[in-house]
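Inside the fold
Listed below, chain by chain, are the residues.
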Amino acid sequence: MTQISASAGHGNAHVLETSDLRAYYRMKYFGIDREVRAVDGISMHVRKHEIYGIAGESSCGKTTFIKAIAAAIRPPLEIVGGQVNYSFIDDDLYALSPARRTAIRWQHLSYILQGSMNVLNPVRRIHKTFEDFAFRHMHLPRAEFDQEVRRHLERLRLPAEILRSYPHELSGGMRQRVCIALATLCKPEFIIADEPTTALDVVVQKDVLAMIRETQHEFGSSMIFVTHDLTVHANIADRLGIMYAGRLVEEGRTADVFANPLHPYTAHLIASLPTIGDRHTRDGLHGTPPNLADPPKGCRFHPRCPLAMEICRHENPALTTLAEDHRVACFAASSDVLPIADGKPNQPEALEVER
Amino acid sequence: MIAVLRDLFRYNGEFAIGCVIMAIILGIAAASFFSPYEPIDSYLVALDAPPSLEYVFGTNSRGQDIFWQLTFAIRNTLAFGFIVALISRILSLVIGLISGYVGGIVDRILMSINDTFIVIPLFPLLVLLYFVLRDDMTWFVLALVMAGLGWAYDARLIRSVMISLRTREFTNTSVFSGMSMPRIVTQEHLPYVLPIVFSTFMNNMNWSIGLEVTLAVLGFTDVDTPTIGGMIFWANQHSAMVSGVWWWYFFPTLFVTLTFIGLFLLAISMNEYIDPRSRLDRMGNS
Amino acid sequence: MTAPLLHLDGVSRLYKRGGLLGRQEFRAVDNVSFRLEGDEPQIFTIIGESGSGKTTLARMILNMVRPSAGTIFFKGRDLASIRGTGARRRFMKEVQPIFQNPFEAFNPLKRVDRYLFMTAKNFTEARSPAQVEAVADKALNNVGLTIAEVRGRFPHELSGGQLQRVAIARALIPGPSMLIADEPVSMVDASLRMSIVNLFRALRDDLKVSIIYITHDLATAYYVSDRIVIMRKGEIVESGAARLVLDNPQHPYSQLLKSAILSPDPNGRGVLTGDSAASQQARASPHPAALETEPQSY
Ligand SMILES: Nc1ncnc2c1ncn2[C@@H]1O[C@H](COP(=O)(O)OP(=O)(O)OP(=O)(O)O)[C@@H](O)[C@H]1O
Ligand SMILES: Nc1ncnc2c1ncn2[C@@H]1O[C@H](COP(=O)(O)OP(=O)(O)OP(=O)(O)O)[C@@H](O)[C@H]1O
Ligand code: SF4
Ligand SMILES: [Mg+2]
Ligand SMILES: [Mg+2]
């Protein structure tokens, strides 16, 4: 909470900055009372013209984090603490009125939802969907708009005929590219992409990633790119953040993280990348993913960690800068890593009010 | 079920207010069974008496007690809306389900019929029917006609939900679990469709009551069955506004508005409860 | 000689594309033939371009879509001759699907055990609740779960990996001789991915189930599969023993595919290497004649 830079909104090179962001699923309707701490104290920033990658295993909270920064919160998900600052607004995102927030979301952000390929409107042809999404925002005459759409599809290796199809007439990979096209068509300042390339073959995936990089260069957008596929990160992300159980456990320049992973979990992820030409039996990570409704005390990785020490069971390691641009939260990485207060937000009431 | 209602009442303001309003309305409708007068009898009480202790809502120029008159009117109007909504919901559910699940040529035929119904201009058609049928245009016939006209829009909605459900992967899982098609539709898909049916039920009641009132005010219905619209019609006939008998207008208008609000509140609060998305949110790891 | 487990003979599927005006036909699957022998269970991988007809092919093998031309034989029986509820059931008892998205494979409003129990009731002898549960438990044990972990749970209460394993367990209940898995690992992380493909191996070796594994992930394909076909634009462009094909691809598209695999080296600079211009050219080139004559039985 202390390091919120007052200048976040004013012309420094950070497009997005979150500080100690906490987003919980709180269910207290109809007698049930439960709290899933899916995002629990994440502080990070995204620089201008940067692609920031987020990786981590299933259900570690990647999508939830993204929802929180994309202002796509709805019950039972709640922001219980922390701040989200964008360079194009001069206040905490959650200090704004809901209407303002929605406006900002439409105006500046472009959000590719996870699995959005499955939620394309099944009774609308693709070109209608493009009109619904983009026509009003592009301020182009009809003919030019159509041409722009076609050109854009071309870049994603989609034939223009698909515009006249219904979603169920397209293959999974085609639908996924349609979603990418929808999100990048309007040249947004900030793109948030949640697992956008899972259903693509490697050739198309490579082209699509190249396209994304190109657009991002051309328009100077910044981007958060979420995927569990580390090889994709290796090829597209400038910096990489690794999440585990609702927390950021390591962050650094992609090359540094790959060359020198400091957190045992990151090391495991990188070591377990399957490669072609390899027929050794490989195992997944031992143990089960933590239950976020009742996360382990101390370092959340300790029940599965090969290096776990006594302190790990009780204390939560702080995300500490150990090398230039390289932060890690692990006691084994260095003695500089100190514990911070665990679990619950420090003063829940105060935070509530702040919001 | 009871627990759900209790929780709805406790946590959902709209639902509570809607319930209270509808309870009052239903109470008044129920009172009609204890009315000392027959609804169509006239010149039973003093004419044009303003609201007083004896005649709570006053009396009209036809010598009827407006309170008791209103009890019948509300009862008939509600029953009217209910019947229209019930029949048209059944129509739209059946047609939407079949069209969406079976698809292909069946879908195309049903949807072209459906689209015809959507574009038919309702009001002139009803007026025309009134002139054709005249005395045969009873309260019940009107209800049937309106039900026959009111299903189309929601059938299309249900169809599109069904189409998207059909393309969901869990439908295939159900097929390969050996479930039969009727079973898949009723057990796997209906939970997504019923909320639409419920919430459009209230909306459809509102729509049909509104239309009936409009028609009745203009005299295009069977004015001998007391309905809220019919009361306003008679008030117009007797130039009640000019002669200062405002209560003749006021109470029917008040109660029909209350009915609208009550139904509307129930529709949105039920919506929130039954909507599969919010239902998912509520299902915790209990 | 016994009939092969699966035999596709010149299978094509046409679709019409576009609106009412200017409809054009195109071949989503074009003259595909291959055989899967029954004596030795195997993992048969289909890899290919996005939109090359893999899912369409899988749906035809599952008898959900009919071929426009050609015949599919399952254990010597033409799939087109399967009509009526009884025959369909008998077919589903033999061939079961596993889908891509574990979170979508079960109705979010229903408990997942429901599908296990339904399958057990419809496809096995089990009748009483206790028997049904025993059958489900046995299938779950195959995938490293127990009924206690699954009973009464809704899909969102299980992790993606657990759900995918429950989906596999459900498919195993009827005792099928073939599973069709359409991109079963594309939505899960690397570590879950490995545990699922390891599971496939175990199913092949222990339960003698043949698996048709459709994927974009060449690494796991190489790791688990016995045979592989590579598809492009509805056609099979190359096929053979998985290791041979992937180690030494012959067709330009296969080579392109292999060269396009992203590698984490050189230690992830965050920049794409390799020029996409060259790859575009390779893709635009017409099919080499040499490979077009190929599709007999492999
Ligand atoms: N609507 C919800 N209600 C309750 N809990 C939820 C809800 N959505 C997600 N969760 C829980 O929050 C946690 C984080 O989920 P999230 O979707 O953010 O994971 P993820 O990292 O995106 O995973 P994946 O790689 O599978 O997409 C999970 O434990 C999940 O069960
Ligand atoms: N019902 C349909 N109507 C019209 N065209 C269809 C239909 N289903 C599939 N197609 C078309 O057939 C082609 C092959 O689609 P299919 O889904 O089989 O591809 P795929 O190989 O599974 O691709 P992906 O890897 O992206 O999932 C695509 O061009 C698609 O548009
Ligand atoms: S802090 Fe301890 S338990 Fe956590 S990752 Fe480091 S060594 Fe392992
Ligand atoms: Mg996610
Ligand atoms: Mg597919």
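Every chain is numbered on its own, with residues counted from 1 as its sequence reads. The lettering of chains begins at A and the numbering of ligands begins at 1, in the order of writing. It should be noted that, the model being predicted, local features are given only for residues of pLDDT at least 70 and side-chain atom pairs only at 80 or more, the latter also being counted only at that level, while totals for whole chains, interfaces and linings use all residues. Excluding hydrogens and water, the side-chain figures rest on all heavy atoms present in the structure.

Considerations on the packing of aromatic side chains
Side-chain rings of Phe, Tyr and Trp, where Trp is taken by its six-membered ring, are said to pair if the distance between their centres is within 6.5 Å; with planes under 30 degrees apart they count as stacked, over 60 as edge-to-face, and otherwise as tilted. Enumeration over the complete set of coordinates arrives at 25 aromatic pairs over all chains. Judged by centre distance (5.0 Å) and plane angle (80°), the rings of B:F250 and B:F251 are edge-to-face. Each residue's exposure class comes from its accessible area (1.4 Å probe, protein chains only) as a fraction of the maximum for that residue type: buried when under 20%, exposed when over 50%, partly exposed otherwise. Here B:F250 falls in the partly exposed class, since its relative accessible area comes to 41%. Members of the aromatic cluster, joined through ring pairs, are B:F57, B:F67, B:W68, B:W246, B:W247, B:F250, B:F251 and B:F255. Each ring is checked for a lysine NZ or an arginine CZ that lies within 6 Å of its centre and within 35 degrees of its normal; such an atom marks a charge sitting over the ring. Stacked on the ring of A:F135, the Lys or Arg A:R142 has its end atom at 4.3 Å from the ring centre. Taking the ring centre of B:F33 as reference, the NZ or CZ of B:R75 above it sits at 4.4 Å.

Concerning the site of ligand 1
Whether a residue is near a molecule or strand depends on its heavy atoms: if one lies within 4 Å, it is near. Ligand 1 sits among 16 residues. The nearest are A:S59, A:K62, A:T63, A:T64 and A:Q114. Residue neighbours of ligand 1 fall on chains A and B, so the site bridges chains. In this structure, an oxygen atom belonging to ligand 1 sits 3.2 Å away from a main-chain N or O atom of A:C60. Under this definition, polar contacts are N or O atom pairs within 3.5 Å; protein pairs additionally need one hydrogen-donor-capable and one acceptor-capable atom, and for neighbouring residues in sequence, both atoms have to be side-chain atoms. Within the backbone of A:K62, an N or O atom sits 2.8 Å from an oxygen atom of ligand 1. Protein chains bury 80% of the 640 Å² of accessible surface belonging to ligand 1 in isolation. Only runs of H or I of at least four residues qualify as helices and only runs of E of at least two qualify as strands under DSSP, and these elements are numbered from the N terminus. Sorting the residues of the shell around ligand 1 by element identifies β1 (14–27), β2 (34–47) and α1 (62–69) of chain A as the ones contributing at least two each. Surface accessibility follows the Shrake-Rupley procedure with a 1.4 Å probe radius. Residue values consider only the protein chains on display as shielding.

Regarding the state of the cysteines
Note on disulfides: each one is a pair of cysteine sulfur atoms within 2.5 Å. Within this structure, the stated rule accounts for zero disulfides over all chains. A:C179 forms no disulfide, and the closest cysteine sulfur to it belongs to A:C186, at a distance of 14 Å.

Side note on helix α3 (residues 113–123) of chain C
Within α3(C), nine of the eleven residues are buried, which leaves the element mostly enclosed by the surrounding structure. Turning to α3(C), its buried residues are C:D113, C:R114, C:Y115, C:L116, C:F117, C:M118, C:T119, C:A120 and C:F123.

Points about the pairing of strand β5 (residues 109–112) of chain A
Residues and elements named next belong to chain A. Here β5 shows two buried faces, one formed by L109 and Y111 and the other by S110 and I112. The rule for pairing is simple: two strands pair if DSSP sees at least two bridges between them. Sheet topology note: the β5/strand β6 (residues 190–194) ladder contains four bridges and is parallel. Bridging across to β6, Y111 finds its partner in I192.

Details of the nonpolar core
Generally speaking, nonpolar side chains in soluble globular proteins are found buried as a group. Residues grouped as a nonpolar core are buried Ala, Val, Leu, Ile, Met, Phe, Trp, Tyr and Cys residues, joined through side-chain atoms within 4.5 Å. Counting 61 residues, the largest nonpolar core has B:V193, C:L140, C:I168 and C:F200 as the members making the most contacts within it. Setting aside its immediate chain neighbours within four residues, C:I168 contacts C:I98, C:V143, C:I196, C:L199, C:F200 and C:L203. Of all hydrophobic cores here, the second largest spans 38 residues; its members include A:A181, A:I191, A:V208 and C:L262. What makes two residues a contact is simply this: any of their non-hydrogen atoms within 4.5 Å.

Nothing here speaks to function; it is all geometry.
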